[in-house]
Amino acid sequence: MQPVLVVGNVLVDEVKLITYSGILSNDSISVGIFCFNSTEQAAFQNIFVTSSKPKSFVAMQFSEPYNEVYRDAIAPLVEEIGFEPLCIDDIRGPGIIINDILSSLEDASIVIVEISERNANVYYELGIAHALNKPTILLVSKGTSLPFDVGPHRCIFYENTIPGRARLQEALKKALSTILKREVA
């Protein structure tokens, strides 16, 4: 059996105690809680371990043609490999958007960032992903000049055409295979 990426939470009284992510396992996973010898008394009860699909956070400018690239190339590939694609634009409802961004980035196993436009919000999300040491894949439309600080990073350059999106998916598969240390079908 091929290793898989496991993502989940340990809850105590419905409060998230531990989030685990990026753990490779052949068939099962063990999660434990322990106490040190100096602990006088410890009781663990109402503990539930949940798991969910690993998430891929996608940071990008929300306009055409980037919405099309996300919809036609990125999201289908991410779903095909068993991840849940998430763009902050997909989150509906009340709340503070920066909190949604931070929790989404923390929960993500992989971050994909489209940096063709010099969008401050996208660069902010990229900076947070780097600060969290998230595996990050950068996408750039061919012909885009990159800023100094981003230029040294490996990027996938793509053309927003039907054949270009197919080549983008192939390049994304290779990058994801490297990150996941397994072949992505």
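Here is a short report on the structure shown in this document. Here the structure is a predicted model, which is why all the values come from computation and not from measurement.

### As for the pattern of salt bridges
Argument step 1. A full pass over the atoms with the stated rule returns six salt bridges.
Argument step 2. Glu68 is paired through a salt bridge with Arg165; the nearest N and O atoms lie 3.0 Å apart. Of this pair, Glu68 sits in helix H1 (residues 66-80) while Arg165 sits in helix H4 (residues 162-180); the two residues are 97 residues apart in sequence, bridging distant segments of the chain.
Argument step 3. What makes Glu68 partly exposed here is its relative accessible area of 24%.
Argument step 4. Where Arg167 meets Glu159, a salt bridge forms, and the shortest distance between an N and an O atom there is 3.2 Å.
Argument step 5. The exposure class of Arg167 is partly exposed, given its relative accessible area of 46%.

### Observations concerning the environment of Ser177
Argument step 1. Mapped onto the elements of the fold, Ser177 is located in helix H4.
Argument step 2. The exposure class assigned to Ser177 is buried, which follows from its relative accessible area of 14%.
Argument step 3. Each C-alpha atom of the pair Ser177 and Ile81 lies 9.9 Å from the other, and the pair is 96 residues apart in sequence.
Argument step 4. Not counting residues within four places of it along the chain, the set of residues in contact with Ser177 comprises Arg182, Glu183 and Val184.

Each value, and the rule that gives it
Residues numbered from 1 in each chain as written. Predicted model: local features only at pLDDT ≥ 70, side-chain atom pairs only at ≥ 80, totals over all residues. Heavy atoms only, no water. Salt bridge = Lys/Arg side-chain N within 4 Å of Asp/Glu carboxyl O. Helix = DSSP H or I, 4+ residues; strand = E, 2+ residues; numbered from the N terminus. Buried < 20%, exposed > 50% of the residue type's maximum accessible area, 1.4 Å probe, protein only. Contact = heavy atoms within 4.5 Å.

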